[in-house]
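Fold and geometry: a report
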Amino acid sequence: MPPGPPDSTPPGADFPPDAAAVTQNRPMLPETPSALELRHALRDWLARYAPTGVVAVALSGGADSVALTAAAVAEAQVVDALIVDHGLQAGSDRTAAEAAAVAEALGCRSARVLTVEVTGDGGPEAAARRARYAALDGARAGLPVLLGHTLDDQAETVLLGLARGSGARSIQGMAEFADPWGRPLLGVRRAATRRLCAELGVRAHDDPHNYAPEFTRVRLRTEVLPLLEEVLGGGVAAALGRTAEQLRDDGAVLDSLAEQLLTVASDGSALSVETLATAPAALRRRAIRHWLLAGGAKALTDKNLRAVDALVTEWRGQGGVAVGGGKPGTRLVATREHGKLTLAFAR
């Protein structure tokens, strides 16, 4: 795959001399607005989260991950590409091999194809996601893994969270870094990644699942967001991205305060109802949520959380609340007893 025209920035110019030796043989990116936008996004992310400059990239062969890989190679010291073959489509092994070839042409130190078996509950999309992340985590060798999620993906995620109606946490979107997963392109539109691939002369793989209307996210991408952009006069994706970022900042503060409340309310493995009852609802529910998750609760819903909160604020002798996370033949139940919240397995 031929690289684009030369970049005026000398290879390794942003790194110490020893790093320049690592990067001197890499293909150079074109000096275009798209290339510079992605390079700046990678440069900023690396400075904040991976100052050593050694990263892995999850490469699907699609335009977003190809453009991410090209920008990572230009800005990081060492890049290893990890390609997951889900085996869900005929010829997926060939697609994975082509992605590995693109990674090598772009200058990655290594390119590994990880073959996975997609099984389990929740439908094929959820099962594939679990298998993909497990394979990437097992192969990353301690490195952060960069993912090609863009501003468009962030907007779709916020809209999906809004539909769940589970409060601010559900519309916080994706974080730039949630160890070990990095998302440097959350401020970059999908159109920029496609332009860079075209400028590089790389034909990115176009997954047919990206156009399958049976997936809610696809309809958001192809129908809902374009309509919102038209009706509201543009800027919707960026506005949703800013909202998510602001909510994550607010959420971090509230989580910290909730942890403090949890420390004060804790009585061994139980929580003091009196202490919780005097706290603001936003902090109390966050503290209860942290306590439930730490105790083994799984797939908590807003309904679960509010039912447990009612044991504190609307006590009328009601029974315990099952919160998921049970074992075969048992349930994990939150109960109010003698002025305390307790969490235990019950048949």
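Remember, it's a predicted structure, so these values are computed and weren't measured experimentally.

Thresholds, definitions, all that
- Residues numbered from 1 in each chain as written.
- Predicted model: local features only at pLDDT ≥ 70, side-chain atom pairs only at ≥ 80, totals over all residues.
- Heavy atoms only, no water.
- Pairing = 2+ DSSP bridges.
- Helix = DSSP H or I, 4+ residues; strand = E, 2+ residues; numbered from the N terminus.
- Contact = heavy atoms within 4.5 Å.
- Axes fitted to C-alpha atoms, helices over the stretch in contact; angles between N-to-C directions.
- UniProt positions renumbered as here; feature names shortened; annotations may be inferred.
- Phe/Tyr/Trp six-rings, centres within 6.5 Å; stacked < 30°, edge-to-face > 60°.
- Buried < 20%, exposed > 50% of the residue type's maximum accessible area, 1.4 Å probe, protein only.
- Lys NZ or Arg CZ within 6 Å of the ring centre and 35° of its normal.

Another point: the sheet that holds strand S4 (residues 145-146). Spatially, S3-S2-S1-S4-S6-S5 is the arrangement adopted by the 6 strands of the open sheet, whose pairing is mixed. Of all strands in the sheet, those with a lone pairing partner are strand S3 (110-115) and strand S5 (177-178), marking the two edges. With 2 bridges connecting them, S5 and strand S6 (residues 181-182) associate as antiparallel partners. In the strand pairing of S6, alanine 178 is matched with tryptophan 181. Sitting on the sheet, helix H4 (residues 92-106) touches strand S2 (78-85) and S3, and the angle it makes with S2 is about 175°.

Bringing the UniProt feature "domain: tRNA(Ile)-lysidine synthase substrate-binding" (unreviewed entry) in the protein into the picture now. Taking the UniProt record as the reference, the feature "domain: tRNA(Ile)-lysidine synthase substrate-binding" (unreviewed entry) is found at residues 271-341. Structurally, residues 271-341 comprises 44% helix and 18% strand, and the distance from its first C-alpha atom to its last is 5 Å.

Our next topic: the packing of aromatic side chains. Under the criterion given, the structure shown has 4 aromatic pairs. With 5.3 Å between their ring centres and 35° between their planes, tyrosine 49 and phenylalanine 177 make a pair best called tilted. Of the two residues, tyrosine 49 sits in helix H2 (residues 33-49) while phenylalanine 177 sits in strand S5, which places them 128 residues apart along the sequence. Judged by relative accessible area, which is 30%, tyrosine 49 ranks as partly exposed. On the basis of relative accessibility, which here comes to 26%, the residue phenylalanine 177 falls in the partly exposed class. Every member of this aromatic cluster is reached through a ring pair, and the members are Trp45, Tyr49 and Phe177. Over the ring of tyrosine 133 we find arginine 129; its NZ or CZ atom is 4.5 Å from the centre of that ring.

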